Amino acid sequence: MLRQPRMWHLGIFLSALLALALVAGCAGTAGQPSAPTKSTSEQQSAKPAQEKPEPTKPAQATPSAKPTPAQAAQPAQEQPKAQPTAKPEVQADVAFYNGKTVSFIVATKPGGGYDAYARLVAPYLQKYLPGSTVLVKNVEGAGHIIGANTIYAAPADGLTLGTFNKGLIVSQLAGMEGIKFDLAKFVWIANAATEPRAMVVTAKGPYKTVEDLIAAPEVKMGGAGVGSESSNDALMAAAILGFKVKMINGYAGQEADLAMMRGEIDGQIGTYSSMKPLIEQGEARAILIIGKEDVAGVPNLRQKAPAEKKALVDLMESQAQLARVIAATPGIPEGRAKALRDAVKKAFADPELLAKAQQAGLPINYMSGEETGDLVRAALDQKPEVIQLIKDIVTKK
Amino acid sequence: MVEASLQGLAAVFVWPNFGLMILGALIGMTVGFIPGIGGNFFLAMMIPFVFGMNPYAAFALLLGGHAVVHTGGAISALLFNTPGTGPNAATCFDGYPLVKKGQTGRAMGVAMTASAVGGVFGAAVMIGVIPIVRPIVMAFGPPEFFMMIMVGIACIAFLGGSTPVKGLAVGALGLLLSMVGQDPSTGVVRYGFGLLDLWGGVNQVLVVIGLFAISEMINLALKGGSIADQMAAKVSGGLTTGMLDVFRHWWLNLRCAVIGVVIGLIPGLGGEAAGFLAYGHAVQSSKTPEKFGTGMIEGLLAPESAHNSKEGGALVTTVAFGVPGSSGMAILLGAFLILGITPGPKMMTEHLPLVFNMAWTIAIANIFGAAVGLALANQMAKLTYLRGSILVPLVLLFAILGGYGVRNSMFDLVIVLFFGVVGYYMKKYDYPPAPLIMGLVLGKMAETNLNMAMDLYGVEFIFRPITFVLLLVILFIVGLPLVKATRAAFGKRGVTSAGTTA
């Protein structure tokens, strides 16, 4: 027999919805470790406040409390003292972040390398900006362009920062449409890792050296899509070294690995660490390394490239250096920029984070925001003929 | 081998692994239920908790949840025509009409049981397939993927129901929509209208939420009444009928589970397609294809079975090759690294009990998830009798949240609402929505793989053995009805056809 729904049915339904909404809300603070970690981080953030002699720190000793009149008075007293003793440099405005929500934008879907680094650093960023809540937000689309646009166009209040592919440097140089940012103008916070890139070829294939590639009538390289890092790298390497490349694009994630095992493609370019399993399994051999570090037994692009292509080689090397960049919106107040930079620097020095990163296989080689910004601006500063060359290279099929 | 299997099974029931699996399954089902948040989000969210756990406990949590995400998604698909996860769109095709007829209990019974059976099958196959997975994965490349997808597209022709022309028209519209965005092979943006947000194409989750959920809510708001507008038999009776239905159609269930496993097994096909291809197969192999879309049991159990079994398949490739078979597996790989395990051939020798444990966890979590779903079915079914004036705002809220959650983008909501209106008019003029989704999902994959096949092998790719066989299957599928119709036409005129029988 059909029964009319009663009010208590509705009550159950609404409670279930409320529970779901709570779950969704918790999901929104994605990737935050559970409470125990938070309370230890609160204890720990009290310690640096005592240890560091910097004038701004004592005011932040109680992360969760509303500032009592006594504490509010302290900063007012401390700051006038601070200025004469410190050099005329900017003070990190950590107090601003108390009680605020910081958005950490990731320009990819959940689950990739950029996402992994973001979720690794977010809780520690929160720890070193006491009172703040750091939320990881995935804004994917148009090959990281939408995410980068989002960070660039956010309000310049210091509450938005994020990570994206430094391949956007090449995209910006090539004048890709849809780019609404200028990488030179971002406030660079840090670079988390340097990752040399490796060109690998199938172990069972006929190519053993770069010279073999140059002599071949056509080399099939696998890439993710036009404009992707894998594709641009392969095209630039081919242009530098002078081998004839045929790009086969459309391999998402690690499908190119399988394609190599099938003998469908001859090779691909990716980070050396991601290629290592393939090499160790005996399916691939590394034929070239791109980056400042050298790998035993494998020639470096620097050695093999002709002298006239030096500008392109430098560009590719700087790309390998800037593996995991973090940037904030241009125009944010300097105090807040410094606060973000300091917090990220401390996060990447935190032994807990470093241990987790090592467990997860995420290399960390911290580079300061200032150095990152210099590298980015240097990479963007190319002569017109080089820019034209880049345009030609990446728009070739 | 058997010993390792038993070891793996025993580890499932050890505390805290069992508790973690239950916890993971409950969270996974809830996350699956909420539209816009899918399985990948669940995994990405759970990974930080995995640090420092032992592998058995960690996989109990992760796989316990991951295995049942689509089971949870099926519930919101059935009740509100809002798929909880992308692949659950196929659940809406025939599941929701069943609910509208008042047969919610039966629908839930079918969906939950088919999910459980599919999931268990996928896990069971996982063990058997591992030795032969390498030759299978090596044999399938872009040409084979293209042909497989074309088989699915050919099945779209059958989705038109009583008006095949309308079905084809809508399917063609879906294919057209799939062309929006950046062509991966040439980088040219098509139908972008200068909007950056359209570069990635029209996201199928958005179209589904609009076409199914929003349009249904518009309909409900205009019509009044509640979702289930027909009197129904006792709800709990419906449940058992549903469960038995799955076993009555066991052969179809098995075939769809196999389709799911194969698609999960082979990276490059994308798990999204599993439900749709299984649905297409159910339609094409049925004696009454025109009834699909009105609440056919086969139409509901096919996708449910396939998208739970595909995870078993995807896990095989991930474990055996270290190459993820689906996007969820890609995230799971991160967990492997955190736990210090390198997936790949070495896993089979060093960690065999763990591999079995993973299969057992998937199987048992699936059964648990289905049991939870069935237990809640009665109460959830009552929701469908709620007045529209209460339900419409709530479902709209979920739908909007779901649409926004895909990419944290307001633009996406415009797409959702646009397709809501389109869906309303489609329903009004009796155009079936399923072909549009199938065209949209399959079109993109077909084009990418066709381009890659041509780039790799030129036109000769058609003559690769598996590809050619699949081409013949397509010709058969498309040709058979034509032959039947021609013979029927001859028969009517009284002319007997020479050579006979099927």
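Residues numbered from 1 in each chain as written. Chains lettered and ligands numbered in written order. Predicted model: local features only at pLDDT ≥ 70, side-chain atom pairs only at ≥ 80, totals over all residues. Heavy atoms only, no water.

So, on to the overall build of chain B. The helix and strand tally for chain B stands at 21 helices and two strands. In summary, chain B has a C-alpha radius of gyration of 22 Å against a globular reference of 23 Å for 502 residues, a match within 12%. With the principal axes as the frame, chain B shows a C-alpha extent of 70 × 60 × 55 Å. For chain B, with 502 residues in total, the buried portion stands at 60%. Counted over contacts in chain B with a minimum sequence separation of 6, partners at least 24 positions apart contribute 79%. About 18,100 Å² of surface is accessible on chain B, with carbon and sulfur atoms providing 72% of the total. Averaging the coordinates of the 25 positive side-chain charges in chain B and doing the same for the 19 negative ones gives two points 11 Å apart. (Helix = DSSP H or I, 4+ residues; strand = E, 2+ residues; numbered from the N terminus. Rg over C-alpha atoms; globule rule 2.2 N^0.38 Å. Buried < 20%, exposed > 50% of the residue type's maximum accessible area, 1.4 Å probe, protein only. Contact = heavy atoms within 4.5 Å. Areas by Shrake-Rupley, 256 points an atom, 1.4 Å probe, with all protein chains shown as cover. Lys, Arg positive; Asp, Glu negative; His and termini not counted. Charge placed at Lys NZ, Arg CZ, Asp CG, Glu CD.)

Helix and strand counts for chain A come out as 16 helices and eleven strands. For chain A, the proportion of its 397 residues judged to be buried stands at 51%. Within chain A, contacts between residues at least 6 apart in sequence are counted, and of these 78% link residues at least 24 apart. In the form shown here, chain A has an accessible surface area of approximately 17,200 Å², with 58% of it arising from carbon and sulfur atoms.

Below, the discussion takes up the packing of aromatic side chains. As enumerated under the stated definition, the model contains 18 aromatic pairs over all chains in all. Their ring planes at 65° and their centres at 4.9 Å tell us that F93 of chain B and Y279 of chain B sit as a pair that is edge-to-face. Taken as a pair, F93 of chain B in helix 5 (residues 89–100) and Y279 of chain B in helix 13 (residues 272–284) lie far apart in primary sequence, 186 residues in all. For F93 of chain B, a relative accessible area of 4% translates into the label buried. For Y279 of chain B, a relative accessible area of 1% translates into the label buried. Ring-pair connections join several aromatic residues into one group, and the members of that group are Y152, F164, F181, F186 and W188 of chain A. The ring of Y431 of chain B is capped by K166 of chain B, whose NZ or CZ atom sits 4.9 Å from the centre of that ring. Note that R464 of chain B overlies the ring of Y457 of chain B, its terminal NZ or CZ placed 4.6 Å from the centroid. (Phe/Tyr/Trp six-rings, centres within 6.5 Å; stacked < 30°, edge-to-face > 60°. Lys NZ or Arg CZ within 6 Å of the ring centre and 35° of its normal.)

With that settled, consider the pattern of salt bridges. All names here are of chain A. According to the stated counting rule, one finds 24 salt bridges over all chains in the structure shown. Salt-bridge contacts for D182 lead to K185; the nearest nitrogen and oxygen are separated by 3.7 Å. Classification of K185 by relative accessible area gives exposed; the value is 52%. E370 is the salt-bridge partner of R341, the closest N and O atoms lying 3.4 Å from each other. With R341 in helix 13 (residues 334–347) and E370 in helix 15 (residues 369–380), the pair connects residues that are 29 residues apart, well separated along the chain. Overall, R341 belongs to the partly exposed group, its relative accessible area being 21%. Residue E370 is classed as partly exposed on the basis of its relative accessible area, which comes to 45%. When salt bridges with common partners are traced through the structure, they connect K166, R197, E229 and D233 into a single cluster. (Salt bridge = Lys/Arg side-chain N within 4 Å of Asp/Glu carboxyl O.)

Residue and element names in this part refer to chain A. Counting buried positions along strand 6 (residues 219–223) yields five of five residues, so the element is predominantly enclosed. Taking every second residue as pointing to the same face, both faces of strand 6 are buried, with V219, M221 and G223 on one and K220 and G222 on the other. Bridge count between strand 6 and strand 7 (residues 245–249): five bridges; the pairing is parallel. Bridging across to strand 7, K220 finds its partner in K246. Bridging between strand 6 and strand 8 (residues 267–271) involves two bridges; their strand directions are parallel. Looking at the pairing, G222 lines up with Q268 of strand 8. (Pairing = 2+ DSSP bridges.)

This part is about the interface of chain B and chain A. Across the boundary between the two partners, chain B contributes 56 residues, which contact 54 residues of chain A. Interface area, chain B with chain A, both sides summed: about 4,900 Å², of which 69% is carbon and sulfur. The tally of links from chain B across to chain A stands at zero salt bridges. Linking chain B to chain A there are four residue pairs in polar contact (both at pLDDT 80 or more). Of all the secondary-structure elements, those providing two or more residues to the side of chain B that touches chain A are helix 2 (17–33), helix 3 (39–46), helix 7 (133–139), helix 8 (142–156), helix 15 (327–338), helix 17 (352–383), helix 18 (388–407) and helix 20 (434–457) of chain B. Broken down by element, the side of chain B that touches chain A gets its largest block of residues, six residues, from helix 18 of chain B. (Buried area = accessible area lost by both parts, 1.4 Å probe. Polar contact = N/O pair within 3.5 Å; in protein donor to acceptor, adjacent residues only side chain to side chain.)

To continue, consider the confidence of the model for chain B. All names here are of chain B. Chain-level pLDDT for chain B is 83 on average; 95% of the residues reach the 70-or-more range. Highest mean pLDDT in chain B belongs to helix 19 (residues 410–428) (92); lowest belongs to helix 16 (residues 345–350) (75). Both scores are given for the predicted complex: the pTM is 0.76, the ipTM 0.76. (pLDDT = per-residue confidence, 0-100.)

All names here are of chain A. Within strand 9 (residues 284–290), six of the seven residues are buried, which leaves the element mostly enclosed by the surrounding structure. Where strand 5 (residues 197–202) and strand 9 come together, six bridges link them in antiparallel fashion. Bridge assignment links M199 to a residue of strand 9, and that residue is L288.

Let us look at the side chain of Q382 of chain A. Residues and elements named next belong to chain A. By the element assignment, Q382 lies in the loop between helix 15 and helix 16 (384–395). In terms of polar contacts, Q382 uses its side chain to reach the backbone carbonyl oxygen of A379, at 3.0 Å. Those residues within four positions of Q382 in sequence are excluded, and the remaining contacts are L173, A311, L315 and I387.

All names here are of chain B. The topology assignment puts A335 in helix 15. On the basis of relative accessible area, A335 is assigned to the buried category, the value being 0%. For the pair A335 and P48, spaced 287 residues apart in the sequence, the C-alpha separation amounts to 8.9 Å. The contacts of A335, once residues within four sequence positions are left out, are I47 and L62.

All names here are of chain A. The strand order 7-6-8-5-9 describes an open sheet built from five strands, whose pairing is mixed. The sheet terminates laterally at strand 7 and strand 9, the two strands that pair on one side only. Across the sheet, the mean angle separating the axes of adjacent strands is 30° when strand polarity is ignored. (Axes fitted to C-alpha atoms, helices over the stretch in contact; angles between N-to-C directions.)

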